[in-house]
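This is what each chain is made of:
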Amino acid sequence: QVHLVESGGGLVQAGGSLRLSCAASGGVVNYCAMGWFRQAPGKDREFVAGISWNGGVTHYSDSVKGRFTISRDNNKNAVNLQMNSLKPEDTAAYSCAACADSGRLWVSEDYAYWGQGTQVTVSS
């Protein structure tokens, strides 16, 4: 059973940056696609970014493209999300997900494992 733990969330002013990390334990996710999703209060969970098992393919939602960068370190069994030029509308709980065998990085239902999430709050 893969266990995912996110870190790096917090409070930041608009225009600032944060770096989220997701560490996997209990199993190896080196051959799994991984992704980040977020959910704001009263809203549905939405896709943020995804990355293939070897990092060769990445996919971003239109709302974060050009501002966020997803990367992975298979030596550390981890995936990261660098978030720049943050906006108040980026405020949400961000969750890491692992093992979307379908290749559809943006489909939350395709992921087998989920972390508990880390809160990101962007003040205006």
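Right above here is the structure, for reference.
*Asks:* I would appreciate a short explanation of the pairing of strand 3 (residues 18–25) in the present structure.
*Replies:* Along any regular strand, the residues point their side chains to alternate faces of the sheet. Only one face of strand 3 is covered, namely the one carrying L18, L20, C22 and A24; the face carrying R19, S21, A23 and S25 has none of its residues buried. Pairing geometry for strand 1 (residues 3–7) and strand 3, over five bridges, is antiparallel. For E6, the partnering residue across the bridge sits in strand 3 and is C22. Inspection of the sheet shows strand 3 paired to strand 8 (residues 78–83) by six bridges, in the antiparallel sense. Bridge pairing links S21 to N80 in strand 8.

*Asks:* Explain the side chain of N30 here, please?
*Replies:* Within the secondary structure, N30 is located in the loop between strand 3 and strand 4 (34–39). Within polar-contact distance, the side chain of N30 engages the backbone oxygen of N74 at 3.3 Å. Contacts of N30, omitting those with residues within four sequence positions, involve W53, R72, N74 and N77.

*Asks:* Is there a simple way to explain the side chain of S108 in this structure?
*Replies:* In this structure, S108 sits in the loop between strand 9 (92–100) and strand 10 (111–114). Within the structure, the side chain of S108 is placed 3.3 Å from the side chain of E109, a separation counted as a polar contact. When neighbours within four sequence positions are excluded, S108 is seen to be in contact with F37, R45 and W114.

*Asks:* When you look at the pairing of strand 9 in this model, what are you seeing that I'm missing?
*Replies:* Counting buried residues in strand 9 gives eight out of nine residues, a clear majority hidden from the surface. As paired strands, strand 4 and strand 9 are joined by six bridges and run antiparallel to one another. Within strand 9, the residue paired with Q39 across the bridge is A93. Bridge count for strand 9 against strand 11 (residues 118–123) is three bridges, and the pairing is antiparallel. Residue pairing in the sheet places A92 in a bridge with V120 of strand 11.

*Asks:* Would you take a moment to explain the state of the cysteines for this structure?
*Replies:* Working definition of a disulfide: a covalent bond connecting the sulfur atoms of two cysteines. Under the defined criterion, the tally for this structure stands at two disulfides. Paired through a disulfide, C22 and C96 show a sulfur-sulfur distance of 2.1 Å. The chirality of the disulfide connecting C22 with C96 is left-handed, given an S-S dihedral of about -75°. Of this pair, C22 sits in strand 3 while C96 sits in strand 9, placing them 74 residues apart in sequence. Each of the two residues, C22 as well as C96, counts as buried. The disulfide that involves C32 links it to C99, with 2.0 Å between the sulfurs. Classification of the bridge connecting C32 and C99 rests on its S-S torsion, roughly 80°, and on that basis the disulfide is right-handed. Of this pair, C32 sits in the loop between strand 3 and strand 4 while C99 sits in strand 9, and the two are 67 residues apart along the sequence.

Quick notes on the rules
Residues numbered from 1 in each chain as written. Predicted model: local features only at pLDDT ≥ 70, side-chain atom pairs only at ≥ 80, totals over all residues. Heavy atoms only, no water. Buried < 20%, exposed > 50% of the residue type's maximum accessible area, 1.4 Å probe, protein only. Helix = DSSP H or I, 4+ residues; strand = E, 2+ residues; numbered from the N terminus. Pairing = 2+ DSSP bridges. Polar contact = N/O pair within 3.5 Å; in protein donor to acceptor, adjacent residues only side chain to side chain. Contact = heavy atoms within 4.5 Å. Disulfide = S-S within 2.5 Å.

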